[in-house]
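# Commentary on secondary and tertiary structure
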Amino acid sequence: MAKRKDAAPRIVSSAHLAGNRVAELSEIEFALTPVFNAYGRWIVRCAAASGQGDLSPLDVLILHHANHRDRAKSLADLALVLNVEDDHLVNYGLKKLKRLGLVAGVKQGKEVHWSATPKGRALCDRYRAIREACLVDAVARLGEPNEALAQVAGLMRALSGLYDQAARSAATL
């Protein structure tokens, strides 16, 4: 475990990766792992509490983005916004959601554009209500100002771009 100058230990993902240069990055990586898993578990359970079990985290995210701003999206649009490299995973999710009656596709030229059905929108509305009751109220009790949360989100988006670039660089080695 890397040490801070004030001798407080850092909580890092792997001490061997947290050398003297940007040990905080390892702290971020360690924090992302449980957050990623907790978030996935949360959205699946919230969807189940909303009336639709048997969805994966990606299925839930696809449904929410198909419902987003009430505009239909192509498979490529959904994969891009979710940063999913393998379109087949998104396509599989769309087929599952279609089979459940939560999304519908309309062919426009060579592409199919997907949007939430009334059943899918109703599920998203129930999800929102449960999210408000179980999560939003708890976050509000933390006392963190919305601006602090917005700054964390901005940092996470910036890190996403850096990790994507690093992945492209590593692929050339």
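Coordinates for the structure precede this section.
Summary of the structure given here. (Residues numbered from 1 in each chain as written. Predicted model: local features only at pLDDT ≥ 70, side-chain atom pairs only at ≥ 80, totals over all residues. Heavy atoms only, no water.)

## Quick word on the sheet that holds strand S3 (residues 111-116)
Reading across the sheet, the three strands line up as S1-S3-S2 and stay open at both edges, with antiparallel pairing between neighbours. Strands with a single pairing partner mark the edges of an open sheet, and in this sheet they are strand S1 (73-74) and strand S2 (103-108). Note: S1 against S3, two bridges, orientation antiparallel. For Lys73, the partnering residue across the bridge sits in S3 and is Trp114. (Pairing = 2+ DSSP bridges. Helix = DSSP H or I, 4+ residues; strand = E, 2+ residues; numbered from the N terminus.)

## Focus: the packing of aromatic side chains
Tallied over the full model, the rule gives one aromatic pair. Residues Trp42 and Tyr127 carry aromatic rings whose centres are separated by 6.4 Å and whose planes lie at 55 degrees to one another, so their mutual orientation is tilted. You can see Trp42 sitting in helix H1 (residues 23-49) and its partner Tyr127 sitting in helix H5 (residues 118-141), a full 85 residues away along the chain. Assessed through its relative accessible area of 8%, Tyr127 is described here as buried. (Phe/Tyr/Trp six-rings, centres within 6.5 Å; stacked < 30°, edge-to-face > 60°. Buried < 20%, exposed > 50% of the residue type's maximum accessible area, 1.4 Å probe, protein only.)

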